[in-house]
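Structural overview for review
Next come the chains, spelled out residue by residue.
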Amino acid sequence: MCGIVGYISNKEKLKLAKFMTMIKSLDYRGYDSWGVSHLSDKINLIKEIGKIENTDLPGESNLILGHTRWATHGGVTKENAHPHLSNDKNISLVHNGIIENYQELKSKLDGFNFSGQTDSEVLTNYIQSKLTEDTLSSFAQILPDLKGTYAIGFLKRGENKIYFARKDSPLVLGIGKDEKILSSDVTSFFDRTKTVIYLEDGDYGYIEGNSVKIFNSGEEVERKKSTITWDIDKARKGEFEHFMLKEISEQVDVINQVLIQDSKNISSIVNDLKTKNIFMVACGTSYNAALAAEYEFLKQGIMPKVIRAHEFRSYSKFVDKNSIVLAISQSGETIDLIDALKSIKNSGAEIVSIVNVQGSTLDRMSDKRIYMNVGPEICVLSTKSYTASVSILMLLAGCITDTYETSKANLTEIIRQIYYLTSENSRKYTKELSQLLRYTKHLFTIGRKRDYPTAMEAALKIKEVSYIHAEGFAGGQIKHGPIAMIENGTPCIVFVSNKNNSEILSNAQELKSRGAFIIGVSDKNHDVFDFWIKVIGPDKYSPILRTIPIQILAYYLAVLKGLDPDKPRNLAKSVTVK
Ligand code: M6R
């Protein structure tokens, strides 16, 4: 969480207003406060709480450091916002991650004053207390004292450099001709340069306008330069009011995008899936995507184990050289997932990632990877990346018994359906439902088999963006407890398959008998429905098709309630703290 940007140039000064747009592009990582410091003869500091509403900051500089925060230690206050200024006002520092032993470090800082509660403010002053004339060497000596995770950037008065260090928190360098950029993510700079260096854990060093120095374990190291291939327009809202709606609409292209694959890579992964024990690991929506695909693997006679990444350590002893681990993540930076994979580092298992962000930590940790190819997903809610993950997993599962070509062709059949579901007409219809539900406090979603994960994903979408309490259950589960929650008028969204649907329809009836308002999502209208959302297409792809109208519903619920769908409260796009 938190977004870091550092800018340094040996030629042009950068307008602070432009720099603010770079910081703002990272506010999906955290948006409870922000700050900027820039160097003239002194360190100038501007900090505010809340989201960046206005990027129009006057002034310019060739050495700027900024941050957008997702609070961990200490509340949302100006004092806790970054950059932090050291007591002697010579160091300005931004930090992403958690310094776990900050209390111990603080106890060594006799005579220092602290205005906030953050580990990062302690870190800033700890650096001040240890820094010598040789900034780089003394900084290198401080790093082993830090326990926890960090991406650090700092500038020091009197020096034309931005120093950095990375451990378990993402940090990349943008390499321009006369300018260098330090950032949590390429999104902040890919309109300035497409050349990037992904830093590794343990890397530290500094950037100057015309040079980069990277060290690891005391030795200078060379890191490979990569080229960003993302289309800049994907990171802009264009005609849409919000990224969420734009990204929902972009799902019409997802199938074609995920099908841009190296067939040899896919067949070698499929061969291993046929012979090895499969573990699928992910969090949040990516986990729901894995659950949805699990049913397709079961149909193909293979039983994968699907585990939430944060619970994976208890299972890791069962992972060995006969295992293949499918790690699913949009960002490729989710720390729970990275941590899970670290726990099996020496197991001999093959790690295959399904990932959107190329060059991310997950990408680099994987033995093989399948890219989602859907371009940047800016809205905190996963929408197009969910469709991409499910599609890729279904493609793999399909290849167990079918050829790659057949499995691909099956997937392309749903493009027309996605087009219809995301069309303006369909959206209008779902918007009407959102009017009916806007004052709802509790809502339940149910489905059976593949539609059980659909119900979970639907509930996740609704709760995280509209703050309506929504829970997803398997149809068979409701009479084991949840049905006690049903009152007159409680909305229940029921995902009804085309075939073998008598049990889910009975569950809908059981809910309706207790007063529930039944919203059916299915190919046909059924008597039990009070409201019907028509979704046609094969049951096999229902986790994709039946989720889309609920993404749209969640979007309109947020908009109707005056909420920002792109940045729901308390959440961040990239969850890089445990
Ligand atoms: O980047 P990842 O796919 O690893 O992220 C995992 C979850 O944090 C993410 O899916 C989260 O649940 C989203 N907010 C869901 O919309």
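Remember, it's a predicted structure, so these values are computed and weren't measured experimentally.

Per the secondary structure count, the chain includes 18 helices and 27 strands. The C-alpha atoms of the chain give a radius of gyration of 25 Å, which matches the 25 Å a tight globule of 578 residues would have. When the backbone C-alpha atoms are referred to their principal axes, the chain occupies close to 75 × 50 × 45 Å. When contacts within the chain are restricted to residue pairs at least 6 apart in sequence, those whose partners lie at least 24 apart make up 72%. A total of about 22700 Å² of accessible surface is found on the chain, and carbon and sulfur atoms cover 47% of it. The centroid of the 73 positive side-chain charges in the chain is displaced by 2 Å from the centroid of its 69 negative side-chain charges.

Read from one edge to the other, the open sheet built from seven strands follows the order 7-8-9-10-14-15-16, with strand pairing classed as antiparallel. In the strand order of this sheet, the two ends are held by strand 7 (84-85) and strand 16 (219-220), each with one partner. Examined bridge by bridge, strand 14 (residues 203-208) and strand 15 (residues 211-216) share six bridges and lie antiparallel to one another. Following the sheet pairing, aspartate 203 is matched in strand 15 by asparagine 216.

The strand order 19-18-20-21-22 describes an open sheet built from five strands, whose pairing is parallel. With one partner strand each, in any of the chains shown, strand 19 (305-308) and strand 22 (368-371) form the two edges of the open sheet. On average, adjacent strands in this sheet sit at an angle of 20° to one another, irrespective of strand direction. In this sheet, strand 21 (residues 350-355) lies alongside strand 20 (residues 323-329) in parallel orientation, the contact comprising six bridges. Across the sheet, the residue bridging to leucine 326 is valine 352, located in strand 21. Along the sheet face, helix 9 (residues 335-342) touches strand 18 (277-282), strand 20 and strand 21 and points at about 165° away from the line of strand 20. Lying on the sheet, helix 11 (residues 384-401) is in contact with strand 18, strand 20, strand 21 and strand 22; it crosses strand 21 at an angle near 135°.

The environment of the ligand is formed by 14 residues, the closest being Ser286, Ser329, Ser331, Thr334 and Glu464. Side-chain polar atom of serine 286 to an oxygen atom of the ligand: 2.7 Å apart, as the coordinates give it. Note that a nitrogen atom of the ligand is positioned 3.3 Å from one of the backbone N or O atoms of valine 380. Coverage of the ligand by the protein amounts to 91% of the 410 Å² it exposes when considered alone. Of all the elements in the fold, those that place two or more residues in the shell around the ligand are helix 8 (284-299) and helix 15 (451-466). Classifying every residue of the shell around the ligand gives four nonpolar, eight polar and two charged.

Moving on, we get to the pattern of salt bridges. Summed over all chains, the structure comprises 34 salt bridges. In this structure, aspartate 27 engages lysine 24 in a salt bridge whose closest nitrogen and oxygen atoms are separated by 3.5 Å. A relative accessible area of 5% means that aspartate 27 is categorised as buried. Exposure remark for lysine 24: the relative accessible area of 29% places this residue in the partly exposed category. Among the ionic pairs, arginine 448 bridges to glutamate 503, the shortest N-O distance being 3.0 Å. Of this pair, arginine 448 sits in the loop between strand 23 (442-447) and helix 15 while glutamate 503 sits in helix 16 (residues 502-513), and the two are 55 residues apart along the sequence.

A few words now on the pairing of strand 9 (residues 148-156). Walk down a regular strand and you will see the side chains alternate between the two sheet faces. Most of strand 9 is tucked away, with nine of its nine residues classed as buried. The alternating pattern of strand 9 places Gly148, Tyr150, Ile152, Phe154 and Lys156 and Thr149, Ala151, Gly153 and Leu155 on opposite faces, both of which are buried. Pairing of strand 8 (residues 91-99) with strand 9 involves nine bridges; the strand directions are antiparallel. The residue of strand 9 that forms the bridge with leucine 93 is phenylalanine 154. As judged from the five bridges shared by strand 9 and strand 10 (residues 162-167), these two strands associate in the antiparallel manner.

This part takes up the environment of asparagine 488. With respect to the secondary-structure elements, asparagine 488 resides in the loop between strand 24 (469-474) and strand 25 (491-495). A C-alpha to C-alpha distance of 7.8 Å links asparagine 488 and phenylalanine 517, two positions 29 residues apart in sequence. Excluding residues that lie within four positions of it along the chain, asparagine 488 makes contacts with Arg514 and Gly515.

This next bit is on helix 8. Taking 1.5 Å of rise per residue, the 16 residues of helix 8 would be expected to cover 22 Å, and the 24 Å separating its terminal C-alpha atoms lies within 8% of that figure. The element helix 8 is extensively covered by neighbouring structure, given that twelve of its 16 residues are classed as buried. Looking only at helix 8, the buried set comprises Thr285, Ser286, Tyr287, Asn288, Ala289, Ala290, Leu291, Ala292, Ala293, Glu294, Glu296 and Phe297. Looking at the residues trailing helix 8, positive phi occurs at glycine 301, about 85°.

Glancing now at helix 4 (residues 135-142). Of all the positions in helix 4, only Thr135, Leu136, Ser138, Phe139 and Ile142 are classed as buried. One face of helix 4 carries all of its buried residues, which in axial projection span an arc of 170°. In the core, the buried residues of helix 4 are packed alongside helix 3 (119-130), strand 9, strand 10, strand 14 and strand 15.

Our focus in this paragraph is the packing of helix 13 (residues 415-422) against helix 18 (residues 548-560). Viewed as axis vectors pointing N to C, helix 13 and helix 18 meet at an angle of 20°, and their least axial separation amounts to 9 Å. One way to sum up the angle between helix 13 and helix 18 is to call them roughly parallel. You can see that helix 13 and helix 18 cross each other, and the crossing is right-handed. Every residue of helix 18 that contacts helix 13 at Ile418, Leu421 and Thr422 is listed here: Ile548, Pro549 and Ile552. Partitioned by chemical class, the residues of the contact of helix 13 with helix 18 number five nonpolar, one polar and no charged.

This brings us to the domain arrangement of the chain. Reports of interface size often rely on the accessible area that becomes lost once the parts have come together. Each assigned domain of the chain is listed here: domain 1 (3-228), domain 2 (231-412) and domain 3 (423-578). Relative placement of domain 1 and domain 3: their C-alpha centres are 42 Å apart. The interface of domain 1 with domain 3 comprises 14 residues on the first partner and eleven residues on the second. The contact between domain 1 and domain 3 buries some 980 Å² in all, and 57% of this surface belongs to carbon and sulfur atoms. On the domain 1 side of the interface with domain 3, the three residues burying the most area are Tyr28, Tyr31 and Trp70, jointly 50% of the side's total. At the surface where domain 1 touches domain 3, the tally comes to two salt bridges. Of the charged contacts in the structure, one is a salt bridge between lysine 567 and aspartate 27, with a shortest N-O distance of 3.5 Å. At the junction of domain 1 and domain 3, the tally comes to six residue pairs in polar contact (both at pLDDT 80 or more). Across the side of domain 1 that touches domain 3, the residue classes tally to five nonpolar, five polar and four charged.

Thresholds, definitions, all that
- Residues numbered from 1 in each chain as written.
- Predicted model: local features only at pLDDT ≥ 70, side-chain atom pairs only at ≥ 80, totals over all residues.
- Heavy atoms only, no water.
- Helix = DSSP H or I, 4+ residues; strand = E, 2+ residues; numbered from the N terminus.
- Rg over C-alpha atoms; globule rule 2.2 N^0.38 Å.
- Contact = heavy atoms within 4.5 Å.
- Areas by Shrake-Rupley, 256 points an atom, 1.4 Å probe, with all protein chains shown as cover.
- Lys, Arg positive; Asp, Glu negative; His and termini not counted.
- Charge placed at Lys NZ, Arg CZ, Asp CG, Glu CD.
- Pairing = 2+ DSSP bridges.
- Axes fitted to C-alpha atoms, helices over the stretch in contact; angles between N-to-C directions.
- Near = heavy atom within 4 Å.
- Polar contact = N/O pair within 3.5 Å; in protein donor to acceptor, adjacent residues only side chain to side chain.
- Nonpolar A, V, L, I, M, F, W, Y, C, P; charged D, E, K, R; others polar.
- Salt bridge = Lys/Arg side-chain N within 4 Å of Asp/Glu carboxyl O.
- Buried < 20%, exposed > 50% of the residue type's maximum accessible area, 1.4 Å probe, protein only.
- Expected span 1.5 Å × (residues − 1).
- Arc of directions from axis to C-beta.
- Parallel < 35°, antiparallel > 145°, perpendicular 65-115°, else oblique.
- Left-handed = near helix turned anticlockwise from the far one by under 90°.
- Domains from an automatic or database assignment.
- Buried area = accessible area lost by both parts, 1.4 Å probe.

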